[in-house]
Amino acid sequence: MRYLFLALAIWGAIHPMAYFLQWFNENGYDIMAMVDAWHVNAATSGLVWDLTIAAVALTFWVIWESGKRRDWLGFLAIPATFCIGVSCGLPLYLFLRMRHGDTPGN
């Protein structure tokens, strides 16, 4: 299961990034223009907020659990989440969490 999470983290980094890079190549490297494009209609705004709330919840979970377990490597999931996306950060955290033979939820 651990390596499934690693594969999902890699996929979650590469697949969305391909779309981001395509957008940047077509529209220039302007982050604020990309944020504006995310809010082009109510459907995309809803997805942005859905992912934002999931990213914040994941961040609180990583901070709480990694701090409690003193597992500082787990904090790598936070920049992965906000620089790449939840599709990378969540499976990365689960992969890192399981490296000691633990299963998520223990």
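This text gives an overview of the structure that appears in the document. Quick caveat: nothing in here was measured; it's all calculated off a predicted structure.

Before going further, it helps to examine the pattern of salt bridges. Close approach of charged atoms allows side chains of opposite charge to pair. Under the counting rule described, the total for this entry stands at two salt bridges. Here Arg-97 and Glu-65 are joined by a salt bridge, their closest N and O atoms 2.7 Å apart. Linking Arg-97 in helix H5 (residues 86-97) with Glu-65 in helix H3 (residues 42-69), this pair joins segments that are 32 residues apart in sequence. The salt bridge involving Arg-99 is made with Asp-71; its shortest N-O contact spans 2.3 Å. Note that Arg-99 is positioned in the segment after H5 and Asp-71 in the loop between H3 and helix H4 (77-83), a separation of 28 residues in sequence. Under the relative-accessibility criterion, Arg-99 is labelled partly exposed at 27%.

This part takes up the side chain of Arg-97. Judged by its relative accessible area of 1%, Arg-97 falls in the buried class. A polar side-chain atom of Arg-97 sits 2.7 Å from a polar atom in the side chain of Glu-65.

So, on to the packing of helix H1 (residues 2-27) against helix H2 (residues 31-38). Helix packing geometry: the angle between the two helix axes and the distance between the axes. In contact at an axis separation of 11 Å, H1 and H2 are set at 115° when each is read in the N-to-C sense. Classified by the angle between their axes, H1 and H2 sit roughly perpendicular to one another. In the crossing of H1 with H2, the sense of the turn from one axis to the other is right-handed. On the side of H1, the interface is formed by Phe-20, Trp-23 and Phe-24, while H2 contributes Ile-31, Ala-33, Met-34, Ala-37 and Trp-38. When grouped by side-chain class, the residues that make up the contact of H1 with H2 number eight nonpolar, no polar and no charged.

The next subject is the side chain of Thr-59. With respect to the element layout, Thr-59 can be found in helix H3. A polar side-chain atom of Thr-59 sits 2.8 Å from the main-chain carbonyl oxygen of Ala-55.

Attention now moves to the nonpolar core. Core analysis: the largest hydrophobic core is formed by ten residues, namely Phe-5, Ala-9, Ala-13, Ala-80, Cys-88, Leu-92, Leu-94, Phe-95, Leu-96 and Met-98. When contributions to this core are tallied by element, the ones reaching two or more residues are H1 and H5. Here the element with the most residues in this core is H5; it accounts for five residues. In this structure Leu-92 touches Ala-9, Leu-76, Ala-77 and Ala-80, once residues within four positions along its chain are discounted. Counting residues in each nonpolar core, the second largest holds five residues, with Leu-58, Val-62, Ile-78 and Tyr-93 among its members.

Analysis parameters
Residues numbered from 1 in each chain as written. Predicted model: local features only at pLDDT ≥ 70, side-chain atom pairs only at ≥ 80, totals over all residues. Heavy atoms only, no water. Salt bridge = Lys/Arg side-chain N within 4 Å of Asp/Glu carboxyl O. Helix = DSSP H or I, 4+ residues; strand = E, 2+ residues; numbered from the N terminus. Buried < 20%, exposed > 50% of the residue type's maximum accessible area, 1.4 Å probe, protein only. Polar contact = N/O pair within 3.5 Å; in protein donor to acceptor, adjacent residues only side chain to side chain. Axes fitted to C-alpha atoms, helices over the stretch in contact; angles between N-to-C directions. Parallel < 35°, antiparallel > 145°, perpendicular 65-115°, else oblique. Left-handed = near helix turned anticlockwise from the far one by under 90°. Contact = heavy atoms within 4.5 Å. Nonpolar A, V, L, I, M, F, W, Y, C, P; charged D, E, K, R; others polar. Core = buried A, V, L, I, M, F, W, Y, C linked by side-chain atoms within 4.5 Å.

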